[in-house]
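Spelled out, the chains give:
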Amino acid sequence: MSDRIHDIWGERTPMARGGSWPERVDVALAEGVTEADVETWVQSACVLCSNGCGCDIAVKDGHMVGVRGRADDAVNRGRLGPKGLFASWQGMDHADRLTTPLIRQSGRLVETDWDTAMDRVVERSRSLLSELGPLSHGFYTSGQLFLEEYYALCVLGKAGIGTPHMDGNTRLCTATAATSLKETFGCDGQPGCYADLDETDAVFLFGHNMAETQTVLWSRLLDRLEGPDRPLLVCVDPRATEVARCADVHLAVRAGTNQALMNGLVRELIAHGWVDEEYVDMYTTGFAELKATVETYTPTRVAEICDVGAQDVVRAAEIFGTSQRVVSTVLQGFYQSHQATAAACMVNNLHLMRGMLGRPGCAVLQMNGQPTAQNNRECGGDGDLPGFRNWENPGHIEELARLWNVDARVIPDWAPPTHAMQIFRYAEQGSIKFLWISATNPAVSLPQLGRIREVLGGDTFLVVQDLYLTETAAYADVVLPAAGWGEKTGTFTNADRTVHISERAVNPPGKARSDLDIFLDYARGMGFEDRDGQPLLPWSSPEEVFDAWRECSRGRPCDYSALSYATLRQSNGVQWPVTEQSPNGTPRLYSDAAFPSEPDYAETFGHDLLTGATVGEQAYRAMAPDGRAILKSAAWTPAHEAPDDDFAFQLSTGRTVYQFHTRTKTARAPKLDAAAPEVWAELAEIDAEKLRLGPGDRVRVVSRRGQLTANVHIGNVREGEVFVPFHYGWWSEAGETVPSERHAANELTMTEWDPVSKQPVFKVAAVRLERVDEAVGGAT
Amino acid sequence: VNLSSYLGLLHEAERTLADAFRQVASAHGDEPDVHFLCLTLAQQCDAHQDKLSPVIRRYGESSTDHEPERLQAQGPGDARTGPMGLLRDLQDVHMLGTFVVETWKMVGQAGQALHDLELLEIVQTCSAQTSVQTSWLETRMKQAAPQVLVVAGR
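The residue numbers shown here count from 1 along each chain, following its written sequence. Chain letters and ligand numbers both follow the written order, the letters beginning at A and the numbers at 1. pLDDT decides what is reported in this predicted model: residues at 70 or higher carry local features, side-chain atom pairs at 80 or more are listed and counted, and totals for whole chains, interfaces and linings draw on all residues regardless. Calculated side-chain values reflect all of the structure's heavy atoms, with hydrogen atoms and water omitted.

1. As for the overall build of chain A
Now for step 1: Counting its secondary structure elements, chain A contains 27 helices and 28 strands.
Now for step 2: Each principal axis of the C-alpha atoms in chain A carries an extent, and together these give about 70 × 70 × 60 Å.
Now for step 3: The buried share of chain A, taken over its 780 residues, is 67%.
Now for step 4: In this analysis, two residues are considered to be in contact whenever any of their non-hydrogen atoms come within 4.5 Å of each other. Long-range contacts, defined as pairs at least 24 residues apart, comprise 74% of the intrachain contacts of chain A with a sequence gap of at least 6.
Now for step 5: Accessible area for chain A stands at about 24,700 Å²; split by element, carbon and sulfur atoms hold 46% of it.
Now for step 6: Charge counting treats Lys and Arg as positive and Asp and Glu as negative, with His and both chain ends excluded. All charge positions are set by atom: Lys at NZ, Arg at CZ, Asp at CG, Glu at CD. Put simply, chain A has 72 plus and 106 minus side-chain charges, and the middle of one group is 1 Å from the middle of the other. Strands are runs of DSSP state E lasting at least two residues, helices are runs of H or I lasting at least four, and both sets are numbered from the N terminus onward. Partly exposed residues are those whose accessible area sits between 20% and 50% of the maximum for their type, while under 20% is buried and over 50% is exposed, using a 1.4 Å probe and protein chains only. Here the Shrake-Rupley method, with its probe set to 1.4 Å, supplies the accessible areas, and only the displayed protein chains count as covering residues.

Structure (structure tokens):
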């Protein structure tokens, strides 16, 4: 195997359209260990991005010593990306791991035993419940846990405590994917699959830097791009990324203008008659409104708003309108930007207008940012109800009450579930007094960190459950050491609905426990009971939780009813729904154009895309969607913070190839850490010249909310824009609540979110750049 | 005709609603969704006033000053602060919004009787937007109410 730090995507295995993606087995082992030395290979899948590549964990002397791609896995056919190869096991097997619970005593975190730590949590929880009730409790979880853990957390929070304040960092990564699918189709559920890339004639990447964020999927696409019958590639991204370099059309839109571009593309399809009218008539509703909304978005107007070439808009629309098969993928360039849900819905609309869904090579892939985000959406550890149930549908609440054998009134369905940013707002205002954070690091990953530090440092009782003493854990009242990947068994589902099992390969370090065991321990301590006085969470193993979830999913779109641990152990990735009728899974949804929008079945009655106002049951029924998809639309509106004289640059933040999240794992993989050890600010050459900045110079980036210092990279951003990767916190100062020097991109970002998906806007903020005089050493 | 009075009333009410949205936006800047959306919706109200111009040219606009005192839209008064203040402010704006929606409806009824297609189109566009404004206010109030009324301090 080549040096996979520099050769990010590995060797090419070109394929023609309709071919079978060739195998290529990637492997990484600890220095001095050969495949012959490995004692056991343990089945798993990678959690270092949302792709979900099947892999086996190499075990020797009770330690994880490497990883190997599974050749027959449907997702990756043996391949792994740089993060998976190194951070998956090196990010776990590390001396910094938390090995014992910690509690705060006289202001300091000190080691303790599990009983003492859990007693403190239970005691505070009970006293707040009796004093103020369930609304005093909030839970903020992850896109990193396993299905079983989200489901247990959901039951604990929604039926045990009865709080609507539950969300995950999935709000930052995948909320808009889920929301756009709900708004268009009536329910969450990825329509297409990765194999559609093998079959397609044109690929549109909308704000999806696939080359860096899903390297193995990009390898798959590169194998098509370098094979016969090369598909056409259209890239929508303000930066000249690797994807843009390979693209036939690159639309480098100005930040905050995605919706104008999408309206323009839809208008072009209509103007040229590239619309499958029969499909639109039979299977959709809302075309007249859509047509009226986009009417004024001529290529010239779009070119002006977005600062792209009108002819490029026309050409992109032509590729969409005339290709026989089109795959579109969408990610953070849309989800974390202005008008996120509206723009993502427009991608769905393009496919519906051409009837390009549910057939090989015709797919929408509303992507995820994290490996198990999908399970949080399905199982309801976040702001959703389990099984894609609708909180506005009393029948769905009754179903859950029956499943859990509880009074339906316990389940919080009286208002929209509280999204992450609102949970932190309630904590800031002091009405959430108990906040339990699991497997996520909001002290680095939420917007406007100065404010988040105040919230975390406030009076809220804070429980933090993680692998390491993260920047967030430093604020905790109780820190619970968690077992992670390879140290516990569980299942998870990737962005194309592929379910994998991940087995326990080694023992967790010290006293660390699986997240599931921690949640179950809390539930026991709290004495949560069902209506018959039996334990509400009666489980003692992940398999028992999985079996309970299977019943919860039965008959819903995310149907796992024919899946079990036994079948998953025999499988190489199987896509839900998996039922008696389709025991081998379902590669594509909506092949029959029957959409889950029927009011009694749908996950939502929908929202207005400009305001987020709920449509409500009555108005939704009056619209009579009844199995048709809904073509939702919205006019473009300008972003809320534009560059001005004081803050002349447009800031965008994002994920990069060598790091993941806030580097809890990747910073502990030496090769990945060395490849990108420090934060940088990427500028256009012309701006660097104006500011007399060269590569490696120090620059201070300042917004209305905070500032950071970074090394200058001269890169491929638009003039007037600056890009800062969002990974860098102060992890090396473990235990410190405030960094000695500011590096986190979120020092600069603003507290704002999409009105429908509530996903924070990380990609639109105004900043100014100041040269840091080396002699002064970065003082302000 | 009395339609001119109602057009004057509507014009004035949209102006009051725009002011109310701006006032709530500035008083509740720490609630970013409320802040930004209220500014956007204030602009929508401004646009509604502009849209009324051609029909006001046609039918006139009587100042509501000469009308009975009850035929006026009242603004919400001074904005409040804190979680409870937010809920109360949103509810005041909601009341004003439903007043505007109903006024559009009545003007629309007159448009039907007059066979004024231009007026009817304006009513359709604007009243639909104002209805969404009130739906959003209700959605946001329903979200806020349990926390405000059960656990929050003032």
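2. Observations regarding the pattern of salt bridges
Oppositely charged side chains can pair when the atoms bearing their charge come close.
Now for step 1: Think of a salt bridge as a Lys or Arg side-chain nitrogen and an Asp or Glu carboxyl oxygen that are within 4 Å of each other. Scanning the entire structure with this criterion turns up 61 salt bridges over all chains.
Now for step 2: Note that Arg17(A) is salt-bridged to Glu199(A), the shortest N-O span being 3.6 Å. One end of the pair, Arg17(A), is in the segment before β1 (27-29); the other, Glu199(A), is in helix α6 (residues 196-199), with 182 residues separating them in the sequence.
Now for step 3: Classification of Arg17(A) by relative accessible area gives partly exposed; the value is 30%.
Now for step 4: Glu199(A) gets classed as partly exposed once you look at its relative accessible area, which sits at 22%.
Now for step 5: For Arg704(A), the salt bridge is made with Asp644(A), and the minimal N-O distance between the two is 2.5 Å. Pair noted here: Arg704(A) is in the loop between β25 (698-702) and β26 (707-714) and Asp644(A) is in the loop between β22 (629-630) and β23 (649-654), with a separation of 60 residues, a long-range link.
Now for step 6: When salt bridges with common partners are traced through the structure, they connect Arg425(A), Glu428(A), Arg451(A), Glu31(B), Asp33(B) and Arg140(B) into a single cluster.

3. Quick notes on the interface of chain B and chain A
Now for step 1: Across the contact, 23 residues belong to chain B and 24 residues belong to chain A.
Now for step 2: A simple way to read buried area is as the amount of 1.4 Å-probe accessible surface that goes missing from two parts once joined, with both sides added. Among the residues chain B hides against chain A, the three largest losses belong to Phe36(B), Gln143(B) and Gln147(B). Together they make up 29% of the total.
Now for step 3: Our count for the contact surface shared by chain B and chain A stands at one salt bridge.
Now for step 4: Between Arg425(A) and Glu31(B) there is a salt bridge, and its shortest N-O distance comes to 2.8 Å.
Now for step 5: Whenever two N or O atoms come within 3.5 Å, that pair is a polar contact, provided that in protein one can donate a hydrogen and the other can accept it, and provided that, for residues adjacent in sequence, both atoms are side-chain atoms. Where chain B meets chain A, there are eight residue pairs in polar contact (both at pLDDT 80 or more).
Now for step 6: Taken together, the elements giving at least two residues each to the side of chain B that touches chain A come down to α2 (32-51) and α5 (117-151) of chain B.
Now for step 7: Broken down by element, the side of chain B that touches chain A gets its largest block of residues, 12 residues, from α5(B).
Now for step 8: Under this grouping Gly is polar, as are all residues other than the nonpolar Ala, Val, Leu, Ile, Met, Phe, Trp, Tyr, Cys and Pro and the charged Asp, Glu, Lys and Arg. Partitioned by chemical class, the residues of the side of chain B that touches chain A number 12 nonpolar, six polar and five charged.

4. What to know about the pairing of strand β27 (residues 721-725) of chain A
For a regular strand, side chains alternate in direction, first toward one face of the sheet and then toward the other.
Residues and elements named next belong to chain A.
Now for step 1: Most of β27 sits out of view: five of its five residues are buried.
Now for step 2: Of the two faces of β27, the one lined by Glu721, Phe723 and Pro725 and the one lined by Val722 and Val724 are each fully buried.
Now for step 3: Here, strands pair whenever DSSP counts at least two bridges between them. Alignment of β23 against β27, held across five bridges, turns out to be parallel. Bridging from a neighbouring strand, Thr653 pairs with Val724 of β27.
Now for step 4: Pairing geometry for strand β24 (residues 680-683) and β27, over two bridges, is antiparallel. Looking at the pairing, Glu682 lines up with Phe723 of β27.

5. Quick look at a negative patch on the surface
Residue and element names in this part refer to chain A.
Now for step 1: Among the surface-exposed residues, Asp113, Asp115, Asp119 and Glu123 lie close enough to one another that they form a single negatively charged patch.
Now for step 2: Within the secondary structure, Asp113 sits in the loop between β6 (108-111) and α2 (114-132).
Now for step 3: Of the residues examined, Asp113 reaches a relative accessible area of 37% and is grouped as partly exposed. Each patch groups residues whose relative accessible area exceeds 30% and which form no salt bridge, using 9 Å between like charges and 5 Å between nonpolar side chains of Val, Leu, Ile, Met, Phe, Trp and Tyr.

6. Examining the side chain of Ser564(A)
All names here are of chain A.
Now for step 1: With respect to the helices and strands, the residue Ser564 is situated in the loop between α23 (542-553) and α24 (565-570).
Now for step 2: Of the residues examined, Ser564 reaches a relative accessible area of 19% and is grouped as buried.
Now for step 3: Residue contacts for Ser564: discarding those within four places in its chain leaves Phe546 and Arg550.

7. Considering the pairing of strand β7 (residues 137-141) of chain A
Residue and element names in this part refer to chain A.
Now for step 1: Where burial is concerned, most of β7 is hidden: five out of the five residues are buried.
Now for step 2: Burial along β7 is two-sided: His137, Phe139 and Thr141 and Gly138 and Tyr140, pointing in opposite directions, are all buried.
Now for step 3: The pairing of β7 with strand β8 (residues 166-168) spans three bridges and is classified as parallel. Across the sheet, residue Thr141 finds its bridge partner in β8, namely Gly168.

8. Thoughts on the packing of aromatic side chains
All names here are of chain A.
Now for step 1: To pair, rings of Phe, Tyr and Trp, with the six-membered ring standing in for Trp, must have centres within 6.5 Å; the planes then decide the type, stacked if under 30 degrees apart, edge-to-face if over 60, and tilted in the middle. Summed over the entire model, instances satisfying the criterion amount to 24 aromatic pairs over all chains.
Now for step 2: Ring centres of Phe434 and Trp436 lie 6.4 Å apart, and the angle between their planes is 65°; on these two criteria the pair is classed as edge-to-face. Both residues of the pair, Phe434 and Trp436, belong to the buried class.
Now for step 3: Pairwise contacts between aromatic rings join Phe139, Phe434, Trp436, Phe461, Phe519, Tyr522 and Phe528 into one cluster.
Now for step 4: The side chain of Arg68 reaches across the aromatic face of Trp41, ending 3.8 Å from its centre. Only lysine NZ and arginine CZ atoms are considered, and such an atom sits over a ring when it is within 6 Å of the ring centre and within 35 degrees of the ring normal.

9. With respect to the nonpolar core
Residue and element names in this part refer to chain A.
Now for step 1: Grouping buried Ala, Val, Leu, Ile, Met, Phe, Trp, Tyr and Cys residues that are joined through side-chain atoms within 4.5 Å yields what is termed a nonpolar core. Trp218, Trp436 and Tyr522 are the most contacted members of the largest nonpolar core, which has 211 residues in total.
Now for step 2: Sort the elements by how many residues they give to this core and helix α3 (residues 147-161) lands first, with 10 residues.
Now for step 3: Setting aside anything within four residues of it in sequence, one finds Trp436 in contact with Met118, Val121, Gly138, Phe139, Tyr140, Val463, Gln465, Leu480, Ile518, Phe519 and Tyr522.

10. Overview of the sheet that holds β27(A)
Now for step 1: Taken in spatial order, the six strands line up as β23-β27-β24-β26-β25-β28 (chain A) and close into a barrel, and their pairing is mixed. When the angles between neighbouring strand axes are averaged without regard to direction, this sheet yields 45°. Every axis corresponds to a line fitted to the C-alpha atoms, with the helix fit spanning only the stretch in contact, and the corresponding angles, defined between N-to-C directions, vary from 0 to 180 degrees.

Don't take any of this as a statement about function, it's just geometry.
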